[in-house]
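What the coordinates show
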Amino acid sequence: MLLRDPVHLVSPRAVAYWTVRALPLWIIVLAAELFWSSSPRDHFAVRIVVPALTVVLAAAHLIVMPRWRFRVHRWEVTSTAVYTQSGWLRQERRIAPLSRVQTVDTERGPLEQLFMLANVTVTTASAAGPLRIHGLDRTTAEALVAELTEVTSHSQGDAT
Amino acid sequence: MLLVHPVRELGQAVPALVGLVLAGRAMGEGQTWWLGPAGVAVVVAVSVLRWMTTRYRITPEQVQLRTGLLRRKTIAAAADRVRSVDVTASALHRVLGLAKVEIGTGSHHRGRGLELDSLTEAQAAALRAELLHRGMAASQDTARATSLRAEPCAVAVAGDHDTQLEDDPGSDQETELARMDPRWVRFAPFTMSGVLGAAAILGIGSRLLNQSGVSPGDVGPIRGGLDYVERNPIWLDVLQGLAVLVVFVTVLSIGGYAVSYWGFRLTRHSHGSLHITRGLLTTRDISIEERRLRGVELAEPLLLRAVHAARLSGITTGLKSRSGADGGSSMFLPPAPRSVARQVAAAILRDPAPVEVALTAHGPAARRRRFVRALLVALVLIVAAGLAVLRGAPQWLVWAAVVIVPAAVMLAEDRYRSLGHAVAGSFLVTRAGSLYRRRDVLQCEGIIGWNVRQTFFQRRAGLATLTATTAAGRQRYAVRDVPLGLALPLARRAVPGLLDDFLTLAPGRQL
């Protein structure tokens, strides 16, 4: 008996989105290294090897991470529960019964708008349990929010 | 009852009053002498006015508090939203026979909340009884609605509580669950409170010395002490220093324990709430509705465990977020014998199973993980020490680092032995930790979701960290490094039905 993957993949555009989102950090790191190594006192090997290593690492991260994430990030909503899966090196599955859902938010950051993406956050009464679905197609996200709002409006109680 | 405000506010206003008096002296030749007494009079008048303009009223729907003369402020809270009524009495309050009542409504942005200072003790007790009783009556309907909402887990706690309510709706019977035994004070030195207190005192002392500009060597007794230390061999100094420190910390921790927990009493009232009374100088009287109780945490830090002691706190919803002193988990029992802690936990939960049940171990992979992590830390320390020695540090550093290895092995073994989980009755039980070992008992009904996390290495070892999310206490209670083969059955037993849609028999991709 195993827990299966959630059914739906996120939008393929998420791959590009994750790549672009990770890019600035590497650029900053590389710029800092080039800045430091421009001082002539430093050893030649350090001046060349460290930035070169950084470029290789950055390339590996930027190529592997988004594709790996795309294979992992999945979501599913049934009549009773929400089920998400996210991460790459550290992966996490979150399941919350719809009867305990408190709010359903959708959000589009500037970068996400550029890629016509949106993310949906489903919160429960627990501070530990928000379910986030990143990299959804905008129309899918809207439909999902509408569906969740419709289903959860029927449940009673304070959902604690 | 008039006295509390003026006395306390005079105390707070002392610096300003001193300033006024000094200013009076300095400014005129005897003509402005009245400034000081006038300041005192103003402070007293303002606090008396505040007392005179403060009114509270309890209607069937609301608790109202109205304060202020020039700027009137009315705070109202719905009576059925009252979640806690705490009665506190400082030493001054107690001398005057008064008490302060704090009414908690679980609001997160509580400015000053509903705080009624300087009621008489009898008024405070009556108010508390009335508010809690009213809250109980009003909430009974909601409680019913909650248990009607098809919860898969059998709810023994709520069930008992309902029947009791029907048996005797009016009368309020009190059952004592625990009472502090003065001998428990012996556990105080095994808590961190003494160490923290000593550190705080030393820190404040050294800062005061620094700011006063007095060099410690110039103070008579300290000078004498330093001379004494210089005359003796080092080993004697170290021994004496340690002895003094141990005595100091012990005295502090025992004092702290007595001040906080003297007269500790935990009782259950038949209208469905738990009451805690404690305190030597400042007495605190805390009540928690049982319908907000989602379980207990049994904590056994290493030192307490060595003397067979434990402390107990509750997992409750709707109290302040964890920022407050009592946080989302309220203290149910100060450091006490482990057997007593277990009995009290069983009495609170109305089920001995969760605290007595043998826990399922997490197996060889989890154990390997504990060892790898502990030994990796030791290895890093040894390498660091080695590098330091190469750079000219004294050689004993490496040996000191090597000594860490057996300590790491012991820690890893103990951490593994602590790991365990179970479903007992209607509770999920999970235990972990060595330096701070904790057994969390969470009511299954309080679980509002699952998080299954696997790091890269956990996936390779076939382990996962299964976290039950809840609206109470710490918000998350984790079953750490549990084999996948055990995690799913555990989650399904605790919350039947939730995972059924997402299961597969096919041995597909592991997470």
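What you see is a predicted model, and the numbers here were worked out from it, not measured in a lab.

Some details on the overall build of chain A
- A count of helices and strands for chain A gives four helices and eight strands.
- With the principal axes as the frame, chain A shows a C-alpha extent of 70 × 40 × 30 Å.
- Put simply, chain A has 160 residues, and 28% of those count as buried.
- Across chain A, contacts joining residues at least 24 apart in sequence account for 56% of those joining residues at least 6 apart.

Side note on the domain arrangement of chain A
Residues and elements named next belong to chain A.
- Segmentation of chain A into domains returns domain 1 (8-70) and domain 2 (74-152).
- Relative placement of domain 1 and domain 2: their C-alpha centres are 29 Å apart.
- At the level of secondary structure, the elements contributing two or more residues to the side of domain 1 that touches domain 2 comprise strand S2 (8-9), helix H1 (13-37) and helix H2 (44-72).
- Looking at the side of domain 1 that touches domain 2 element by element, the count peaks at six residues for H1.
- Split by residue class, the side of domain 1 that touches domain 2 holds eight nonpolar, two polar and three charged.

Remarks on the interface of chain B and chain A
- In this assembly, 31 residues from chain B lie in contact with 29 residues from chain A.
- Contributing elements (two or more residues each) for the side of chain B that touches chain A: helix H4 (121-148), strand S17 (447-454), strand S18 (463-470) and strand S20 (503-504) of chain B.
- Residue contributions to the side of chain B that touches chain A peak at seven residues, all from S17(B).
- Each residue belonging to the side of chain B that touches chain A can be placed in one class, and the counts come to 14 nonpolar, twelve polar and five charged.
- As paired elements, strand S5 (residues 91-97) of chain A and S17(B) share five bridges and run antiparallel to each other. Counterpart to Glu92(A) in the pairing with S17(B) is Arg453(B).

Looking at the environment of Glu290(B)
Residue and element names in this part refer to chain B.
- Looking at the element boundaries, Glu290 is found in the loop between strand S10 (283-289) and strand S11 (293-301).
- Look at Glu290 and you get buried, because 22 C-beta atoms sit within 10 Å.
- Separated by 59 residues in sequence, Glu290 and Leu349 place their C-alpha atoms 9.6 Å apart.

Describing unusual backbone geometry
Residues and elements named next belong to chain B.
- Residues other than glycine seldom take positive phi values, yet Gln475 does so here, at roughly 75°.
- Position of Gln475 among the secondary structure elements: in the loop between S18 and strand S19 (476-483).
- Within the chain, Asp481 stands out as a residue other than glycine whose phi angle is a positive 50°.
- Following the sequence through the fold, Asp481 ends up in strand S19.
- We classify Asp481 as buried; it has 24 C-beta atoms within 10 Å.

Some points on the confidence of the model for chain B
Residue and element names in this part refer to chain B.
- Of the residues in chain B, 82% have a pLDDT of 70 or more, and the chain-wide mean is 80.
- Confidence scores differ between elements of chain B, with helix H5 (residues 156-167) showing the lowest mean pLDDT of 37 and strand S15 (residues 427-432) the highest of 95.
- In the predicted structure, residues 141-169 sits below a pLDDT of 50 and forms 37 contacts with residues beyond four places in sequence or in another chain.
- For the stretch residues 321-328, pLDDT sits under 50, and the model shows twelve contacts to residues farther than four places along the chain or on other chains.
- Reported for the predicted complex are a pTM of 0.79 and an ipTM of 0.89.

Focus: the sheet that holds strand S3 (residues 74-77) of chain A
- Taken in spatial order, the seven strands line up as S2(A)-S3(A)-S4(A)-S5(A)-S17(B)-S18(B)-S19(B) in an open sheet, and their pairing is antiparallel. Each of the sheet's edge strands pairs with one partner strand only, and the pair in question is S2 of chain A together with S19 of chain B.
- Bridge count for S3(A) against strand S4 (residues 81-87) of chain A is four bridges, and the pairing is antiparallel. Residue pairing for S4(A): Arg74(A) is matched across the bridge by Gln85(A).
- Contacts from helix H15 (residues 484-494) of chain B reach S17, S18 and S19 of chain B, with the element oriented near 145° to S19(B).

Quick word on the packing of helix H12 (residues 363-390) of chain B against helix H13 (residues 396-418) of chain B
- Two elements in contact, H12(B) and H13(B), have axes whose closest approach is 9 Å; the angle formed by their N-to-C orientations is 170°. On the basis of the axis angle, H12(B) is roughly antiparallel to H13(B).

Notes on the packing of helix H6 (residues 193-212) of chain B against helix H8 (residues 234-261) of chain B
Residue and element names in this part refer to chain B.
- One way to put it is that H6 packs onto H8 with a least axis distance of 8 Å and a crossing angle of 110°. One finds that H6 runs roughly perpendicular with respect to H8. Regarding H6 and H8, the two cross each other, and that crossing is right-handed. Contacts between H6 and H8 involve Ser193, Gly194, Val195, Gly197 and Ala198 from the former and Phe248, Val249, Thr250, Leu252, Ser253 and Gly256 from the latter.

Considerations on the pairing of strand S2 (residues 62-67) of chain B
All names here are of chain B.
- Relative to S2, strand S1 (residues 55-58) runs antiparallel, the two sharing four bridges. From the neighbouring strand, Arg55 faces S2, where its bridge partner is Arg66.
- The turn linking S1 back onto S2 is made up of three residues.
- Looking at chain direction, S2 and strand S3 (residues 73-78) are connected through six bridges and run antiparallel. The residue bridging Thr67 from the neighbouring strand is Lys73, located in S3.
- Joining the antiparallel neighbours S2 and S3 is a turn of five residues, in which Gly68 adopts a positive phi near 100°.

Notes on the sheet that holds strand S6 (residues 114-120) of chain B
Residues and elements named next belong to chain B.
- In spatial order, the strands read S6-S5-S4-S10-S9-S8-S7; together these seven strands make up an open sheet with antiparallel pairing. Only two strands of the sheet have a single partner each, and these edge strands are S6 and strand S7 (174-179). Along the sheet, successive strands turn relative to each other by an average axial angle of 20°, direction set aside.
- Judged from the five bridges that link them, strand S4 (residues 84-89) and strand S5 (residues 98-104) form a sheet pairing that is antiparallel. Looking across to S5, one finds that Val87 is bridged to Val101.

What counts as what
- Residues numbered from 1 in each chain as written.
- Chains lettered and ligands numbered in written order.
- Predicted model: local features only at pLDDT ≥ 70, side-chain atom pairs only at ≥ 80, totals over all residues.
- Helix = DSSP H or I, 4+ residues; strand = E, 2+ residues; numbered from the N terminus.
- Buried ≥ 20, exposed ≤ 12 C-beta atoms within 10 Å, placed from the backbone.
- Contact = placed C-beta atoms within 7 Å.
- Domains from an automatic or database assignment.
- Nonpolar A, V, L, I, M, F, W, Y, C, P; charged D, E, K, R; others polar.
- Pairing = 2+ DSSP bridges.
- pLDDT = per-residue confidence, 0-100.
- Axes fitted to C-alpha atoms, helices over the stretch in contact; angles between N-to-C directions.
- Parallel < 35°, antiparallel > 145°, perpendicular 65-115°, else oblique.
- Left-handed = near helix turned anticlockwise from the far one by under 90°.

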